[in-house]
Amino acid sequence: METPLLKEALHRSCWVQVLVDAPVRERTYTYRLAADMAAAEGDIVCVPFGGQSVGGIVVGCLEELPAGLDAQRLKTVEAVLGSGFFPATLWPLLVRVAEYYLTPLSRVIEAALPPGILSRARRRLRLVRPVSPMAEWGLSTGAKAALQFLEAQKSSDLSWRFCVQQLPEGQQALKELLARGLIESYFAAGERVRPRTRQYVALTGGPSGLTPRQREVIHCLRRLGGEASVEQLVEAAHTTRSLIQNLDRLGHLRLFERQVFRSAHHAVPADAPKILTPPQQWVLEKLNTAPPGPVLLEGVTGSGKTEVYLQAIAPVLARGESALVLVPEIGLTPQLGDRFRARFGEQVQIYHSALSEGERFDGWRRMLTGEPQVVVGTRSAIFAPLPRLGLIVLDEEHDGSYKQDRPAPCYHARTVALWRAELCGCPLLLGSATPDLASFRAAAEGQYLHLQMNERVAQRPLPAVEVVDMREELDRGNLTPFSRTLQQALQQMHAAGRQGILFINRRGYSTFVLCRSCGETLRCPNCAVSLTYHRLESGEHLRCHYCNYGRPQPRHCPHCRSPNLRYFGAGTQRIAAQLAEQFPALRVLRFDRDTTARKDGHRAIIEQFARQQADILVGTQMLTKGLDLPQVTLVGILAADGLLNQPDFRAGERAFQLLTQVAGRAGRGEEPGRVILQTYAPEHPVVQAASGHDYRRFATSELTERRALGYPPYEQLICLQITGSEQQWVIAAAEALATMLEGDGAFEGQLLGPAPCTVERVANRYRWQLLIKNTAAAAGRARLQDLLALYATPPGIGVSVDVDPLRLL
Ligand SMILES: Nc1ncnc2c1ncn2[C@@H]1O[C@H](COP(=O)(O)OP(=O)(O)OP(=O)(O)O)[C@@H](O)[C@H]1O
Ligand SMILES: [Zn+2]
Ligand SMILES: [Zn+2]
């Protein structure tokens, strides 16, 4: 597929920068390219490194040697082992991500590639058989020994490194055999992620003269389309493997290995396209006639956005192109994946980080085949190597999980999706009931096509939201976390045989444990936060939600030995327990990070609930997204206040989105829904807007405020985090950085801080931050990068950069 022009350009570059597969900090090195070798960015190569041959990936091709490098001392690339791991448009995307997020390209490549391709990239070799008796003529003694060694090996597929270790002068000897064409060298992923194959059988139309039994088998194979897996044929023809092998020997059919792709799928019943509602119809028409570019689909909860995605993708596949569908959390991939597979069958594959290495490796290679397919995945799937991309969809585009916090690159999948769509010339469809304010602004200003669906499918009403003032409950002597309104509603729901959802902001049992005698809270020894109490089958535990430190619950206060410990704040576990106590008839299920940790944990719990094996689902924000269960009529939001009072200018936006999304889980079936929102601040504008389902009112007032304060989406923020184990050094480093930035004439940004992060110490490291308001766009980022390169980071101090941070830590 390379154009001649590109080929020529490749031949001219004599040096390559290679990201080596070695456990070293600085991982990019420059190598010489032999005159007869061509390499392009993204190729997998084999290079000498620290006395060994290691795998690596070409990250740059150079025509001239960079200043300061001595040509004499550079080593030569040993072999180009594979190319085509990145389709043409993906490489420039990675480069753009690296530039924008001020991250080395090598880090971006690592984030994009599935694990197991680079880290296990190994050079392998194979003897070219048959070996002619003349082969040894003219070979050196070492090469002769090597040849004999290889002939004696049982396996025909050997690791280059293994052979080098086994042979005296191995490297030299193997190179000699390679030059003589006696061995072949190639790239392979490591043992654990080798392609899986299965035996297939095909008709050959070979010689006639068969026994009736054999003829029956051939006949059966013809009915199967002339080709089938051996297992399939054995079963369909009621025959045996040995009979098939016999037919193969006789030339009546042919056995062969075919690569199969591992996948964790299970069967789903097929469905047909739904008849669109008028709003869906209108949106789809607009989509199909729009020029390529971003589209914001603002559709209320339950308006049927998924059906729009499905019907927008169908013509893409029909054209022979592929589609990429992103969801914010792994927990949503089973549900959405099932809906897509019901429509498009095996053309759909799921891709996220909880898959096994083998599954991800296979997924990646299947994408590279270019066959039309739909990839449903989380954040990192934005780098899916689909060569012919016809549409990108981001569902719940407002969701913060699209942003990677760490490690670098701290990319936002939505931002990357905008670039990718631009590079591929394909549309990007951003869907949400509560769009991110940046997307809303871009749409309002005409940069995106703005489409709306203001009503639910079948004109079902949005659920009525009742705001309950919890101060009043307290006055009336109700000390439980359930208001009287909610208690009644739970009873009514149960009597009607319906289901409900209770949303609570925190997992665990209680948020902190306090000693009533001395007033100390039990804190994490490594972090500046209190420990959370968890009740486990194995006993009572305290756990840190920042560093995962855990300890058994002490009987006495560690400070004063008093036994009077008290538990404050309610988490999912405590609510579930209290609910069971107060409403013994209700069957309760818990849905949070603790109960869904197992592989397929999400699916298991959702399915259990969908099968009506429980009446109430108690969960954290995980259950706010995308759940579509028609029998849910009641949603209770236990304490909205924890969401409202966070020290972050985005707290209001996040709270509004969350409340609206949770509320949107109710009344998605025939029966209308009811939402009970409990709060100590019923007059709060966010509570008001959310209870009125009034996104516009909220967005407009919030944007006005952001503009006045110069916050995103009007100005760009960049956060520098400075960490270290000694507090005074961290502060000193942060101040030195601030002084440097302030003193630089070319840097126009505005500086806030340095200040300690909200939780100043995590896992025994102190964290301070510097917030930069970048008023100069790309020029500002470039200048910042130069300055950071000049800054001599003191030993033991870490500086990390987060462009467009979502959470101010
Ligand atoms: N045209 C249609 N005819 C009948 N039912 C439909 C149609 N479109 C969607 N539905 C059904 O309506 C329900 C809601 O659709 P969907 O889950 O896509 O909503 P959504 O807009 O994604 O909501 P949310 O933002 O809350 O996730 C689903 O059960 C879906 O099967
Ligand atoms: Zn005490
Ligand atoms: Zn901790």
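Residues numbered from 1 in each chain as written. Chains lettered and ligands numbered in written order. Predicted model: local features only at pLDDT ≥ 70, side-chain atom pairs only at ≥ 80, totals over all residues. Heavy atoms only, no water.

Applicable threshold: UniProt positions are given in the numbering used here, feature names are shortened, and annotations may be inferred rather than shown by experiment.
In the nomenclature of an unreviewed UniProt entry, the chain corresponds to Replication restart protein PriA from the organism Gloeobacter kilaueensis. UniProt, in its Subunit (unreviewed entry) section for the chain, records the words "Component of the replication restart primosome." Per UniProt, the chain carries the Sequence similarities (unreviewed entry) text "Belongs to the helicase family. PriA subfamily."

## Re the sheet that holds strand E17 (residues 428-432)
Note the following rule: Following DSSP output, two strands are said to pair if at least two bridges run between them. A helix here means a DSSP run of H or I that spans at least four residues, while a strand means a run of E at least two residues long, and both kinds are numbered starting from the N terminus. Axis definition: a line fit to C-alpha positions, over the contact stretch in the case of helices; interaxial angles, taken between N-to-C directions, run 0 to 180 degrees. Between two residues, a contact is recorded if the distance between any of their heavy atoms is within 4.5 Å.
Taking strand neighbours across the sheet as the criterion, the 7 strands line up as E14-E15-E13-E16-E17-E12-E18 in an open arrangement whose pairing is parallel. At either end of the open sheet lies a strand with only one pairing partner, and these are strand E14 (348-351) and strand E18 (449-453). Each adjacent strand pair in this sheet contributes to an overall mean axis angle of 20 degrees, direction not counted. Sheet topology note: the strand E12 (residues 294-299)/E17 ladder contains 5 bridges and is parallel. Directly across from Leu-296, in E17, lies its bridge partner Leu-430. Across the sheet, helix H10 (residues 278-289) is in contact with E12, E17 and E18; its angle to E18 comes to roughly 165 degrees.

## Re the nonpolar core
Put simply, the rule is: Among buried residues, those of type Ala, Val, Leu, Ile, Met, Phe, Trp, Tyr and Cys that are joined through side-chain atoms within 4.5 Å constitute a nonpolar core. Burial classes: relative accessible area under 20% of the type maximum marks a residue as buried, over 50% as exposed, and values in between as partly exposed (1.4 Å probe, protein chains only). The domain boundaries here were taken from an automatic or database domain assignment.
Core analysis: the biggest nonpolar cluster contains 69 residues, and Phe-86, Leu-94, Ile-109, Leu-324, Ile-382, Phe-383 and Ile-392 have the highest contact counts within it. Among the elements that take part in this core, helix H2 (residues 90-100) stands out by supplying 7 residues, more than any other. Counting contributing residues, this core receives three or more from each of domain 3 (278-335 + 343-412 + 428-452) and domain 6 (716-803). Once residues within four sequence positions are removed from consideration, Leu-94 is found in contact with Phe-86, Leu-105, Val-108, Ile-109, Ala-112 and Phe-383. Among the nonpolar cores identified, the runner-up in size contains 40 residues, and Phe-440, Met-622, Ala-699 and Leu-703 belong to it.

## A few points about the domain arrangement of the chain
Size of an interface, as often reported, equals the accessible area lost when the parts are brought together. With domains assigned, the chain is organised as domain 1 (123-188), domain 2 (196-260), domain 3 (278-335 + 343-412 + 428-452), domain 4 (464-508 + 570-705), domain 5 (511-568) and domain 6 (716-803). Centre-to-centre, using C-alpha coordinates, domain 3 lies 43 Å away from domain 5.

## Here we look at the UniProt feature "domain: Helicase ATP-binding" (unreviewed entry) in the chain
UniProt annotation of "domain: Helicase ATP-binding" (unreviewed entry) refers to residues 286-453 when read in the numbering used here. Span residues 286-453 is 37% helix and 21% strand, its end C-alpha atoms 12 Å apart.

## Regarding H10
Note the following rule: Here, expected helix span is obtained from the residue count minus one, scaled by 1.5 Å.
Look at H10: 17 Å from first C-alpha to last across 12 residues, which is about the 16 Å you get at 1.5 Å a residue. Each element contacted by the buried residues of H10 is listed here: E12, helix H11 (305-318), E17 and E18.

## Concerning helix H6 (residues 170-179)
Heads up, the rule is: Note that the arc is defined by the directions from the helix axis to the C-beta atoms.
Listed in full, the buried residues belonging to H6 are Gly-170, Ala-173, Leu-174 and Leu-177. For H6, the buried positions fall inside an angular range of 95 degrees around the axis, keeping them on one side. In H6, those exposed residues whose orientation departs by more than 90 degrees from the buried face are Gln-172 and Ala-179. Once H6 finishes, Gly-181 follows within two positions and takes phi at roughly 75 degrees, a positive value.

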